[in-house]
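Architecture and fold: a report
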Amino acid sequence: MEKQSILKDQTIVGSPVVHLVCLTLLMFAFWLSLSGELGAKLVSYGFVTSVVVAWICYPLLLLPNADGSRKYFVLGISPLALCGYVIWLLKEVVKANIEVVRATVRPEVRIDPKVVRFIFRADNPVAIVVLANSITLTPGTVTINVTPEGIYEVHALTKGSAAGLLNGSMQRRVADLFGEKLDFMVLKGE
């Protein structure tokens, strides 16, 4: 795809110009953190390099949805919303750690492994990946498979971790993070 058409591509969600500016600023901040030099000449070289790298890399950071009708910028989420999600996820990881430790140390808390299945559909492919990885990051759960139809198969170590997956709170948070409408359903037998 030629560069001129990327700026006019109507299938890209959001503004390509805003995406390019944000990517340039992110690259420039990264360059500054690695460089440690603040001389005018080197800073200007770093900025020009950041612009060129952002221009070259931008098409690589566009992911199409399942039917190819829209393209999403990988970094196209609010940094503030991302910080809120990460804080919530860290809290959930700590709670899950405590539950797994209790299940392994205390005999009254039973380890009851099972595979739970639910459907979570999102148009943004990054939302699908973030949900699968968030589940796997949470102790006591591992995402086994995600089908193209949006069916998630997750191994849960305890009843509590299975119930936490099936209540839809993580799915709701991911949908909110990416501005998606929540499309979540527990499959029968769970």
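The model shown is predicted, which means the values in this text are computed figures rather than measured ones.

1. Digging into helix α3 (residues 40-57)
What sets the pattern is the α-helix's 3.6 residues per turn: residues three or four places apart point alike. Between the first and last C-alpha of α3 there are 25 Å, a value that for 18 residues agrees with the 26 Å anticipated at 1.5 Å per step. Where α3 is concerned, the buried positions are Gly 46, Ser 50 and Ala 54. An end-on view of α3 places all buried positions within 65° of arc, on one side of the element. Exposed residues pointing more than 90 degrees away from the buried face of α3 are listed as Lys 41 and Val 48. Taken together, the buried residues of α3 touch α2 (16-35).

2. With respect to the nonpolar core
Formed by 24 residues in total, the largest nonpolar core has its most connected members in Phe 118, Phe 120, Leu 131, Ile 135 and Tyr 152. Broken down by secondary-structure element, the contributors of at least two residues to this core are α4 (79-105), β3 (114-120), α5 (125-137), β5 (151-156), α6 (159-166) and α7 (169-177). A per-element tally of this core places α5 first, with five residues. Not counting chain neighbours up to four residues away, the residues in contact with Tyr 152 comprise Val 116, Arg 117, Phe 118, Phe 120, Ile 128, Leu 131, Ala 132, Ile 135, Thr 143, Asn 145 and Val 146. Core analysis: the next-biggest nonpolar cluster, separate from the first, contains eight residues, Leu 23, Tyr 58, Leu 62 and Phe 73 among them.

3. Some details on the packing of α4 against α5
Packed helix pairs are specified by the crossing angle of their axes together with the interaxial distance, meaning the distance between the axes. Where α4 contacts α5, the axes come no closer than 10 Å and their chain directions differ by 30°. Here α5 runs roughly parallel to α4, going by the angle between their axes. Mapping the contact onto sequence places Tyr 85, Leu 89 and Val 93 in α4 and Val 130, Ser 134 and Leu 137 in α5. A per-class count over the contact of α4 with α5 returns five nonpolar, one polar and no charged.

4. Focus on the packing of aromatic side chains
For the structure on display, the rule yields seven aromatic pairs. Pairing Phe 28 with Trp 31 gives two aromatic rings, centres 6.2 Å apart and planes at 5°, and the pair type is stacked. Of this pair, Phe 28 and Trp 31 both sit in helix α2, three residues apart, which is roughly one turn of that helix. Taking the relative accessible area as the measure of exposure, Phe 28 reaches 15% and is therefore buried. Among the aromatic residues, ring-to-ring pairing joins Phe 118, Phe 120, Tyr 152 and Phe 184 into one connected group.

5. Side note on the pairing of β3
When β3 meets β5, the two strands line up antiparallel, connected through six bridges. For Lys 114, the partnering residue across the bridge sits in β5 and is Ala 156.

6. Thoughts on the pattern of salt bridges
In total, this model carries six salt bridges according to the counting rule given. Across the pair Lys 91 and Glu 92 runs a salt bridge whose closest N-O atoms are separated by 3.7 Å.

Here is what the cut-offs are and how they apply
- Residues numbered from 1 in each chain as written.
- Predicted model: local features only at pLDDT ≥ 70, side-chain atom pairs only at ≥ 80, totals over all residues.
- Heavy atoms only, no water.
- Helix = DSSP H or I, 4+ residues; strand = E, 2+ residues; numbered from the N terminus.
- Expected span 1.5 Å × (residues − 1).
- Buried < 20%, exposed > 50% of the residue type's maximum accessible area, 1.4 Å probe, protein only.
- Arc of directions from axis to C-beta.
- Contact = heavy atoms within 4.5 Å.
- Core = buried A, V, L, I, M, F, W, Y, C linked by side-chain atoms within 4.5 Å.
- Axes fitted to C-alpha atoms, helices over the stretch in contact; angles between N-to-C directions.
- Parallel < 35°, antiparallel > 145°, perpendicular 65-115°, else oblique.
- Nonpolar A, V, L, I, M, F, W, Y, C, P; charged D, E, K, R; others polar.
- Phe/Tyr/Trp six-rings, centres within 6.5 Å; stacked < 30°, edge-to-face > 60°.
- Pairing = 2+ DSSP bridges.
- Salt bridge = Lys/Arg side-chain N within 4 Å of Asp/Glu carboxyl O.

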